[in-house]
Amino acid sequence: MLLVEDDLDAVRLFRRLLQVCGFEVEAVENGLDAVPAAERFHPDCVVSDICLPGLNGYEVAQHFRTHPEFQRIPLVALTAYGTRDLSEQAGFDRHLEKPAQIWNLVGVLRQVVAGT
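Residues numbered from 1 in each chain as written. Predicted model: local features only at pLDDT ≥ 70, side-chain atom pairs only at ≥ 80, totals over all residues. Heavy atoms only, no water.

S.K.: Sorry if this is basic, but what is going on with the sheet that holds strand 3 (residues 46-48) here?
M.R.: Backbone-to-backbone hydrogen bonds pair the strands of a sheet. The strands run either parallel or antiparallel. The five strands are arranged 2-1-3-4-5 in an open sheet whose pairing can be described as parallel. The open sheet has two edge strands, strand 2 (26-28) and strand 5 (94-97), and neither has a second partner. This sheet shows a mean twist of 20 degrees between the axes of neighbouring strands, independent of strand direction. Sheet topology places strand 3 next to strand 4 (residues 75-79); three bridges connect them, and they run parallel. (Pairing = 2+ DSSP bridges. Helix = DSSP H or I, 4+ residues; strand = E, 2+ residues; numbered from the N terminus. Axes fitted to C-alpha atoms, helices over the stretch in contact; angles between N-to-C directions.)

As structure tokens, this is what we get:
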């Protein structure tokens, strides 16, 4: 999974918890690095904050949706900002609000990776 999050404490927490749950996690701190990181890492899904430096999460989603290799990659918005409608319009498959319950996040990630 690729985690796009500028809060380094949140990155450390989510990385550790998701790794314990069996996910391999790479993280970038800004929207500009998201697609290049995905090109290197080839994640099964992307979890992105909305309020990011460089490109915001909506722009990140739009870049993934127009990239030939990643048009169908599952995208999950994990944010304290924005609305579900805006996330869907940008191309996100799911929208979770912070603070997210880790088991809810893990459940959603397992669903999107499985295609359900």
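S.K.: Whenever I open this one, the side chain of His 67 confuses me. Can you help?
M.R.: For His 67, the position within the fold is in the loop between helix 3 (57-66) and strand 4. Ignoring anything within four residues of it in the chain, the contact list for His 67 reads Val 35 and Glu 39. (Contact = heavy atoms within 4.5 Å.)

S.K.: In this structure, what is going on with the packing of aromatic side chains? I would like to understand it.
M.R.: Each aromatic ring pair is characterised by the separation of its centres together with the angle its planes make. Counting across every chain of the model gives one aromatic pair. With a centroid separation of 5.6 Å and 75 degrees between ring planes, the pair formed by Phe 64 and Phe 70 is classed as edge-to-face. Like Phe 70, Phe 64 is buried. (Phe/Tyr/Trp six-rings, centres within 6.5 Å; stacked < 30°, edge-to-face > 60°. Buried < 20%, exposed > 50% of the residue type's maximum accessible area, 1.4 Å probe, protein only.)

S.K.: Help me out: how do you make sense of the side chain of Ser 87 in this one?
M.R.: With respect to the secondary-structure elements, Ser 87 resides in helix 4 (residues 84-90). Ser 87 sits in the buried class, given a relative accessible area of 1%.

S.K.: Got a minute to help me understand the pairing of strand 4 in this structure?
M.R.: One face of the sheet, then the other: side chains in a regular strand alternate in exactly this way. Among the five residues that make up strand 4, five are buried, leaving the element largely enclosed by the rest of the structure. Going residue by residue along strand 4, you find Leu 75, Ala 77 and Thr 79 tucked away on one face and Val 76 and Leu 78 tucked away on the opposite face as well. Two strands pair when backbone bridges link them, and strand 4 and strand 5 are joined in this way by four bridges, in the parallel orientation. Directly across from Ala 77, in strand 5, lies its bridge partner His 95.

S.K.: Which parts of the structure should I look at to understand a negative patch on the surface?
M.R.: On the surface, a cluster of negative charge is contributed by Asp 6, Asp 7, Glu 29 and Asp 33. Counting through the fold element by element, Asp 33 comes out in the loop between strand 2 and helix 2 (34-41). With a relative accessible area of 35%, Asp 33 lands in the partly exposed category. (Patch = residues over 30% accessible without salt bridge, like charges linked within 9 Å, V, L, I, M, F, W, Y side chains within 5 Å. Areas by Shrake-Rupley, 256 points an atom, 1.4 Å probe, with all protein chains shown as cover. Salt bridge = Lys/Arg side-chain N within 4 Å of Asp/Glu carboxyl O. Lys, Arg positive; Asp, Glu negative; His and termini not counted. Charge placed at Lys NZ, Arg CZ, Asp CG, Glu CD.)

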